[in-house]
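Architecture and fold: a report
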Amino acid sequence: MQTKVQTEALWAHCLNELQQSLAASQFNIWIKPLAQSAQVVDGTLVIAVPNQIFLQFIRDRYLGMIEMAAAKVCDGVPPHIELKVGALPVNKPAERVAAPQSQESVGSGEPEAAAPVAAPAPKPAKRFDAAGSNHELMRLNPGHTFDTLVTGKANQVARAAAMQVAENPGVSYNPLFVYGGVGLGKTHLIQAIGNFVHQHNPQAKIRYIHAEKYVQDVVKAYQHKSFDDFKKYYHSLDVLLVDDIQFFVGKDRTQEEFFYLFNALLESGKQIILTSDKIPREIEGLQERLTSRFSWGLIVPIEPPETEMRVAILLKKAEAEHFKLDANVAFFMAKNIRSNVRELEGALKRVMAYSRFTNQLITVDSAKEALRDILASGNRQVSVENIQKTVADFYKIKVADMHSKKRTRDIARPRQMAMALTKELTQMSLPAIGDAFGGRDHTTVLHACRTIQDFRQSDQEMAHQYSVLLQMLRS
Ligand SMILES: Nc1ncnc2c1ncn2[C@@H]1O[C@H](COP(=O)(O)OP(=O)(O)OP(=O)(O)O)[C@@H](O)[C@H]1O
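Along each chain, numbering runs from 1 in the same order as the chain's sequence is written. For this predicted model, a pLDDT threshold of at least 70 governs which residues receive local features, and a threshold of 80 or more governs which side-chain atom pairs are given and counted, while totals over whole chains, interfaces and linings are taken from all residues.

If you look the protein chain up in an unreviewed UniProt entry, it shows as Chromosomal replication initiator protein DnaA from Chitinibacter bivalviorum. Recorded in UniProt for the protein chain, the comment headed Subcellular location (unreviewed entry) runs: "Cytoplasm". UniProt positions are given in the numbering used here, feature names are shortened, and annotations may be inferred rather than shown by experiment. Under the heading Subunit (unreviewed entry), UniProt records this for the protein chain: "Oligomerizes as a right-handed, spiral filament on DNA at oriC."

**Digging into the overall build of the protein chain**
Summing up its helical and strand segments, the protein chain has 20 helices and eight strands in all. Backbone-placed C-beta atoms define the burial measure: a residue is buried with 20 or more other C-beta atoms within 10 Å of its own, exposed with 12 or fewer, and partly exposed in between. By residue count, 39% of the 475 residues in the protein chain fall in the buried class. Note on conventions: DSSP H or I runs of at least 4 residues are helices, E runs of at least 2 residues are strands, and numbering of each starts at the N terminus.

**Side note on the packing of helix α16 (residues 384-395) against helix α20 (residues 460-474)**
Only the stretch in contact is used when a helix axis is fitted, and all axes are lines through C-alpha atoms; the angle between N-to-C directions ranges over 0 to 180 degrees. Taken N-terminus to C-terminus, the directions of α16 and α20 make an angle of 135 degrees; their axes are 11 Å apart at the nearest point. With respect to α20, the axis of α16 lies oblique. Like other packed secondary-structure pairs, α16 and α20 cross with a definite hand, here right-handed. Where α16 approaches α20, its residues Asn386, Ile387, Thr390, Val391 and Phe394 are matched on the opposing element by Leu469, Met472 and Leu473. Between 65 and 115 degrees an angle is taken as roughly perpendicular, under 35 as roughly parallel, over 145 as roughly antiparallel, and anywhere else as oblique. The crossing is said to be left-handed when, going from far helix to near helix, the turn is anticlockwise and less than a right angle, and right-handed when the turn is clockwise. Throughout, a residue-residue contact means that the two C-beta atoms, derived from backbone geometry, are no farther apart than 7 Å.

**Observations regarding the site of the ligand**
Nearness is defined per residue: the C-beta atom, placed using the backbone, must lie within 6 Å of the molecule or strand. As a matter of local geometry, the ligand sits amid 16 residues, with Gly185, Lys186, Thr187, His188 and Val341 nearest to it. Elements represented by at least two residues in the shell around the ligand include exactly α6 (186-200) and α13 (341-358). Residue type decides the class: Asp, Glu, Lys and Arg count as charged, Ala, Val, Leu, Ile, Met, Phe, Trp, Tyr, Cys and Pro as nonpolar, and the leftover types, Gly among them, as polar. Of the residues assigned to the shell around the ligand, the class counts are six nonpolar, six polar and four charged. Both domain 2 (138-302) and domain 3 (307-378) contribute no fewer than three residues apiece to the shell around the ligand. The split into domains, and so the bounds of each, comes from an automatic or database assignment of domains.

**Some points on the sheet that holds strand β2 (residues 44-49)**
Taken together, the three strands give an open sheet; going across it, the order is β1-β2-β3, and neighbouring strands pair in mixed fashion. For this open sheet the edge positions go to β1 (38-41) and β3 (80-85), each flanked by a neighbour on one side alone. Averaged over all pairs of adjacent strands, the angle between their axes in this sheet comes to 30 degrees, without regard to strand direction. For two strands to be treated as a pair, DSSP must find at least two bridges joining them. Inspection of the sheet shows β2 paired to β3 by six bridges, in the parallel sense. For Val46, the partnering residue across the bridge sits in β3 and is Glu82.

**Let's talk about helix α19 (residues 442-458)**
The terminal C-alpha atoms of α19, which comprises 17 residues, lie 25 Å apart, in line with the 24 Å expected from a rise of 1.5 Å per residue. Turning to α19, its buried residues number three or more, namely Val445, Ala448 and Ile452. End-on, the buried residues of α19 take up no more than an arc of 55 degrees, which puts them together on one face. Turned more than 90 degrees from where α19 packs its buried face, Thr443, Arg450, Asp454, Gln457 and Ser458 sit exposed. Each residue after the first adds 1.5 Å to the expected span of a helix. Arc definition: directions from the helix axis to the C-beta atoms.

**What to know about the sheet that holds strand β4 (residues 176-180)**
One open sheet accounts for five strands, arranged β5-β6-β7-β4-β8; its pairing is parallel. Only two strands of the sheet have a single neighbouring strand rather than two, namely β5 (206-210) and β8 (298-302). Adjacent strand axes in the sheet meet at a mean angle of 15 degrees, parallel and antiparallel pairs treated alike. Direction of pairing for strand β6 (residues 239-243) relative to strand β7 (residues 271-276): parallel, over a ladder of four bridges.

Given below as structure tokens:
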């Protein structure tokens, strides 16, 4: 257990650092109210916050800074930090932290000047035990586990690879790179790895971070000339999960820092897991050295789930909410809501709310009623012109090439793709599709549909491009 002096010194130091880093208004609103709300309990720095909104705000915006500040006092290794809503236990007054001495000016009408914070912190005699990490610190959603993830054709390869990485972090595939469209379960899958590792090895230092947050951390380190602390913190991790790596595009300094971090972690056998909406070499604006490194391990796709898998997801989510969802209703929803799993979840929430509100069991008819506007927008017919334009833009060719006689592969393949998508997304007959593509024969359209179908079976890249285009056209 920490002594009062150590607790005070640690928190006073954190407050001091935050005060220097933040605008006075931010410090006064979010941090100053916590000046008397920290306590060290069994090696964990517990910070009590007044309510849930505060908790979310501190967690999302300031926890990283608090960690870094605390790490400074603890020889570079941050302590466990726990945020909790409510008051600190009153039976441990000796461990309470002293408030910073306030010297605020009164009644100026201007935003308050930040109050200087008490004394610089001497290093505590005993280093915090930073071995364990809680969900707050790891930034993992405890509900994102392998158990709650429905498996199907769309994600079975990705899940198997993820499981292998979770069982042998740093050993099998490094980095593991998961790519796929919006809302298909990339975050869920990689967090399942984090949760699994944590469950089997609570000592492992795991950190999930969205790429945008990493960019912010680099900017802050740059502004405050604190790259040493930044490096110390990130380089001390055992498992690093970075979501939506495409956000690094155009951020050269971030890419440079990440390059060093990547090398350091890999060299010391630590596991890196990344996600993106595309495979590395399709992320335009990513430095070549990163593109090649991201391809060193294993790259796995997550595709949009097929109807049966969407039904299974709905039933599983409903069960978790103790909601009785009729299988016919689940089928109806799965058939009509096809864009992504997040949309599917949204639809389920609506149906559950409707059921509670009307106090009725949900039938297909009442589901139609509950989802009327979603279904109306989903049933919007996609036009052949829209498909041609979307596909042409995607492959960076001219729309006119959809009608032309050119037969080079870079033109012919996108055109076949557009024909196959038109067959799938519209009610048009084969001859009508042929007409819309420069007066081609219906056998040419049939051939195109079969060719694309074959490619989708045999070529992972083509399969992914097809599903991305489907998603774009359906959204
Ligand atoms: N196979 C699945 N089984 C159960 N739930 C799933 C599955 N796939 C996705 N979900 C759920 O769908 C929601 C969206 O998933 P998630 O946030 O992981 O998607 P994403 O691919 O990371 O999206 P984005 O690209 O927007 O970050 C989450 O609530 C997740 O739990």
